[in-house]
Amino acid sequence: MLKYDLVVIGGGPAGMAAALKARECGVQKIIILERAATLGGILEQCIHTGFGLHYFGEELSGPEYAYRFIKELEKTDIEVKVDTMVTDILPGNVIVATNNKDGVMQIHTTAIILAMGCRERPRGALDMPGSRASGIMTAGTAQKYVNIDGYMPGKKIVILGSGDIGLIMARRMTLEGAKVEMVCELMPYSGGLTRNIVQCLDDMGIPLKLSCTVIKTHGIERLEGVTIANVDERRRPIPGTEQYVECDTLLLSVGLIPENELTRMAGIIIDPVTNGAIVDEYRQTSRPGIFACGNVLQVHDLVDYVTEESQIAGEGAAKYILSKGKSKSRNGKDIHVKAENGVRYVVPQNINRSTDKDVKIYFRVADVYKDKRVVVTCGDEVLYNKKKKKLAPGEMENVTIKLDDIAKLSSNEITVKLEA
Amino acid sequence: MIKEMICVSCPIGCMMTVELNDKNEVLSVKGNTCKRGEQYAIDECTNPVRMLTTTIKVSGGTLPVVPVKTSKPIPKGKMFDCMQVINNEVVDAPVKMGDVLICNVCDTGVDIIATNEV
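Quantities reported herein were computed from a predicted structural model and do not represent experimental measurements.

Conventions we followed
Residues numbered from 1 in each chain as written. Chains lettered and ligands numbered in written order. Predicted model: local features only at pLDDT ≥ 70, side-chain atom pairs only at ≥ 80, totals over all residues. Heavy atoms only, no water. Helix = DSSP H or I, 4+ residues; strand = E, 2+ residues; numbered from the N terminus. Rg over C-alpha atoms; globule rule 2.2 N^0.38 Å. Buried < 20%, exposed > 50% of the residue type's maximum accessible area, 1.4 Å probe, protein only. Contact = heavy atoms within 4.5 Å. Areas by Shrake-Rupley, 256 points an atom, 1.4 Å probe, with all protein chains shown as cover. Lys, Arg positive; Asp, Glu negative; His and termini not counted. Charge placed at Lys NZ, Arg CZ, Asp CG, Glu CD. Pairing = 2+ DSSP bridges. Axes fitted to C-alpha atoms, helices over the stretch in contact; angles between N-to-C directions. Phe/Tyr/Trp six-rings, centres within 6.5 Å; stacked < 30°, edge-to-face > 60°.

Turning our eyes to something else, we now look at the overall build of chain B. In terms of helices and strands, chain B carries two helices and 10 strands. Ordered by position from the N terminus, the helices and strands of chain B form the series β-β-β-α-β-β-β-β-α-β-β-β. In terms of overall size, chain B is more extended than a compact globule, its C-alpha atoms giving a radius of gyration of 18 Å where 118 residues would be expected to give roughly 13 Å. With respect to the three principal axes, the spread of C-alpha positions in chain B is 55 × 25 × 15 Å. Out of the 118 residues in chain B, the part that is buried amounts to 42%. A separation of at least 24 residues holds for 45% of the contacts in chain B among residues at least 6 apart in sequence. Just so you have it, chain B exposes about 6000 Å², and 52% of that area is on carbon and sulfur atoms. Of the side-chain charges in chain B, 12 are positive and 14 negative, and the distance between the mean point of each set is 3 Å.

All names here are of chain A. Residue position: Pro258 is located in strand β18 (residues 256-258). Residues Pro258 and Glu120, spaced 138 residues apart in sequence, show a C-alpha to C-alpha distance of 8.8 Å. When neighbours within four sequence positions are excluded, Pro258 is seen to be in contact with Gly117, Cys118, Thr274, Asn275, Asn295, Val296 and Val299.

Residues and elements named next belong to chain A. Across the sheet, which stays open at both edges, the three strands sit in the order β14-β15-β16 with antiparallel pairing between neighbours. Because the sheet does not close on itself, it has two edges, and the strands there are β14 (212-218) and β16 (243-246). Along the sheet, successive strands turn relative to each other by an average axial angle of 30 degrees, direction set aside.

Residue and element names in this part refer to chain A. Tallied over the full model, the rule gives eight aromatic pairs over all chains. Ring geometry for Tyr65 against Phe69: centres 5.3 Å apart, planes inclined by 35 degrees, an arrangement best described as tilted. Note that Tyr65 and Phe69 are positioned in helix α2 (residues 62-74) at a spacing of four residues, about one turn of the helix. Both residues of the pair, Tyr65 and Phe69, belong to the buried class. Grouped by ring-pair contacts, the aromatic residues Tyr55, Phe56, Tyr65 and Phe69 constitute a single cluster.

Structure below.
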């Protein structure tokens, strides 16, 4: 029987940081299970720089960021199985996994860290009429074709969605000689980071069309063009605004979905807004001993924040393992963190009143706001109140609640909201 | 002259207001939240530079290309010239992290270095 103290599912930035932190905190037998052939996750194809500014204080590319963690792992006796797919999490924290070499394995473990990341919303998730012509793919797929496999998937490109991967690919394809006609964004604002709009679109002279979407694709064997249209405030195409744009490739950058199939199979409660597990301040899910971190928990903008969150989960898992599951009394004393008035969601959603540290609450806002106050309250008491010049859904925010304040909260609910 | 710009030194993206005189010299920078922001504003008004990241063809490696970056930011206007030089290059495997694959690309004084192993 395979027996471990900690199994980490996923060997991307989240899984690697969580495993390393758990080891640092004294956990002995750790294994990382990774579906792909190498560690590093999506960072391997993110060859642009901008990673690590917060965590390392240096501007690294994706592979360089991953490399630092891979090298750290190599210095430890943390085991890694690549090309290995986890297919189920059974009651009693038993993991079912499979690969070509070992066949089907059952792994017994004290704790589990879910670090499976996220995947892109595919074409099938959009109601877009047109044939299944080649040349329609997600921006991340194109990124893999160009940066890993070394070939260009098209010459004349339209990008739907202004998520960061779409913006990054707009620049990448332009640098490699393609003509990126435009980036269409359904919303009246971009979902990407400001720096990416400046560096990827403005620098390259690529127009960003807001409140605009693709309503039809043309071409049978290969994509020949798309029809775009402006949308009204309810995101419905406005008749008469249709325009035909010739292109051979349509890249989709229309959102990311945390990959929580295993989480659901394990019966863990999912937050309908984040599409990730509901967690406490140590990223423990509703199932004791199972933790979640990184993009499987909430889609992050920056890998630096993934690392930070994963270290919290790694520390939490270590506390759980080393105290043999008795680290927390969860006798309904949890403090519930609520998102309200312009705040779309918060992570963590719960805080243990008996926690042992300050708690950073991450959140996203629902719209673009200027000169608003971020306010955290518990009943009438104000725990945090700070003015922000700009808030946008594309940029994750955070507030820290002090340990002293948590211990003496007057009720079991705190609210994060925006005020004028 | 007053110039509005968004700092791209890091993902925070501060809105900055830069005051310039007739000679295009920076008089003041406001709205930045760190020193890098001020430097970015000055550079952006006098000599805009960017990090260039791309791939170079590899012969005999585990993968057909290796990702690379410029060792320092290069002038914005030289990006496509550098791309041309880089795209004409083929390097032999094995390539190690940090290997200098092209020296002084397009006389910028900047090297092209590998950012992964192939």
